Amino acid sequence: MVASADDLGFTRGDGCFDATRVVTGRDGVSTIDNLDAHLARLNRSVVGLGDEPTDLAVWQELVAEAVDAWSQPGEATLKLMYSRGPESNPGRPLLVLTITEMSEAALAQRQGVRVAGLDLGRASDAFTDRPWLLGGVKSLSYAVNMAAKREAARRGADDVLFLSSDGFCLEGPTAALVVAFGRELVTTPVEGTGILDSITQKQVFATAEKKGWTTSYRLLRPAQLADADGVWLVSSVRGAAPVLELDGVALPQDAKLSAKVMTWAGF
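Residues numbered from 1 in each chain as written. Predicted model: local features only at pLDDT ≥ 70, side-chain atom pairs only at ≥ 80, totals over all residues. Heavy atoms only, no water.

- An unreviewed UniProt entry lists the protein under the name Aminodeoxychorismate lyase, with Luteococcus peritonei as the source organism.
- Looking at the Sequence similarities (unreviewed entry) heading of the UniProt record, one finds this comment for the protein: "Belongs to the class-IV pyridoxal-phosphate-dependent aminotransferase family." (UniProt positions renumbered as here; feature names shortened; annotations may be inferred.)

**Quick word on the environment of G74**
Here is step 1: Checked against the element boundaries, G74 lands in strand β3 (residues 74-83).
Here is step 2: For G74 and L219, which are 145 residues apart along the polypeptide, the C-alpha to C-alpha distance reads 37 Å.
Here is step 3: Ignoring sequence-local partners within four residues, the contact set of G74 consists of V22, V23 and T24. (Helix = DSSP H or I, 4+ residues; strand = E, 2+ residues; numbered from the N terminus. Contact = heavy atoms within 4.5 Å.)

**Side note on the nonpolar core**
Soluble, globular proteins show a tendency: their nonpolar side chains are buried together.
Here is step 1: Core analysis: the biggest nonpolar cluster contains 19 residues, and C16, V63, L78, L80, L97 and I99 have the highest contact counts within it.
Here is step 2: For this core, the elements supplying multiple residues, two or more each, are β1 (15-24), α2 (35-48), α3 (56-69), β3 and β4 (94-101).
Here is step 3: The contacts of V63, once residues within four sequence positions are left out, are I32, L35, L78, L80 and L97.
Here is step 4: With 18 residues, the next largest nonpolar core counts L163, V186, L225 and L233 among its residues. (Core = buried A, V, L, I, M, F, W, Y, C linked by side-chain atoms within 4.5 Å. Buried < 20%, exposed > 50% of the residue type's maximum accessible area, 1.4 Å probe, protein only.)

**Regarding unusual backbone geometry**
Trans peptide bonds make up most of the peptide bonds, and negative phi angles are found at most residues other than glycine.
Here is step 1: With a phi close to 60°, L134 is a non-glycine residue in the positive phi region.
Here is step 2: Looking at where L134 falls in the secondary structure, it is placed in the loop between β5 (113-119) and α5 (143-154).
Here is step 3: The class of L134 is partly exposed, set by a relative accessible area of 28%.

**Digging into the pattern of salt bridges**
Here is step 1: The tally for this structure, following the rule as stated, stands at 14 salt bridges.
Here is step 2: Here D158 and R114 are joined by a salt bridge, their closest N and O atoms 3.2 Å apart. Here R114 lies in strand β5 and D158 lies in the loop between α5 and β6 (159-163), a separation of 44 residues in the sequence.
Here is step 3: A residue is classified by how much of its surface remains accessible, and D158, at 26% relative accessible area, is partly exposed.
Here is step 4: The exposure class of R114 is partly exposed, given its relative accessible area of 35%.
Here is step 5: A single salt-bridge network, built from bridges that share partners, covers R21, D33, E75 and R110. (Salt bridge = Lys/Arg side-chain N within 4 Å of Asp/Glu carboxyl O.)

Dropping the structure here:
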């Protein structure tokens, strides 16, 4: 199927996507991080848009074909995009796949990021009983996320931590928040906040629990991060990036702990 000029994904951002990391060896053989989990989350996003689940076998075939053709050694980003199709001919969704080489900026940010806290203009429970807000859907409508990153750059920061209007930490534009207090890891709850259910965060928590750590989901205020033993923005592409500063204020750092969290993230 060829994309039409009135495709809703292009003209209105009416669609969803998911993304993960591809690692290719010098022999040209590639591995894909948590593909099944990302496909399952993509289908949850599709259902969240009001459509029927897609045929995952079609996606798996498309992914296999693309990855077989990809031979660039190193790390790359696999992106799966679902558009609700042409406005003039509804009911014909468009599936798009891309593989792009990992940027040097993304690789460098694994060493740490300076973050700006930006008010998202919504309360921490804004998504409760409001499915039309598409909480938890990884929407193609990323204009606000990209504008936030540009604002962060204007402020001399590398990334963003979104804050609720009632003063709680939410997530980054493309990453989940993970905070360590002693041997406890904390992240933002999904319920009510509308944040994305992070696959990488869940992997970090699952591994940490096996190591005897405790994990919890609760709302934190930005001031509490100064009392943490470590703060990270975690994602499927960048791994666990330590947050070095929040709004110009240095946050606690522990290189050994950061290395451990990165390993728990599968990097």
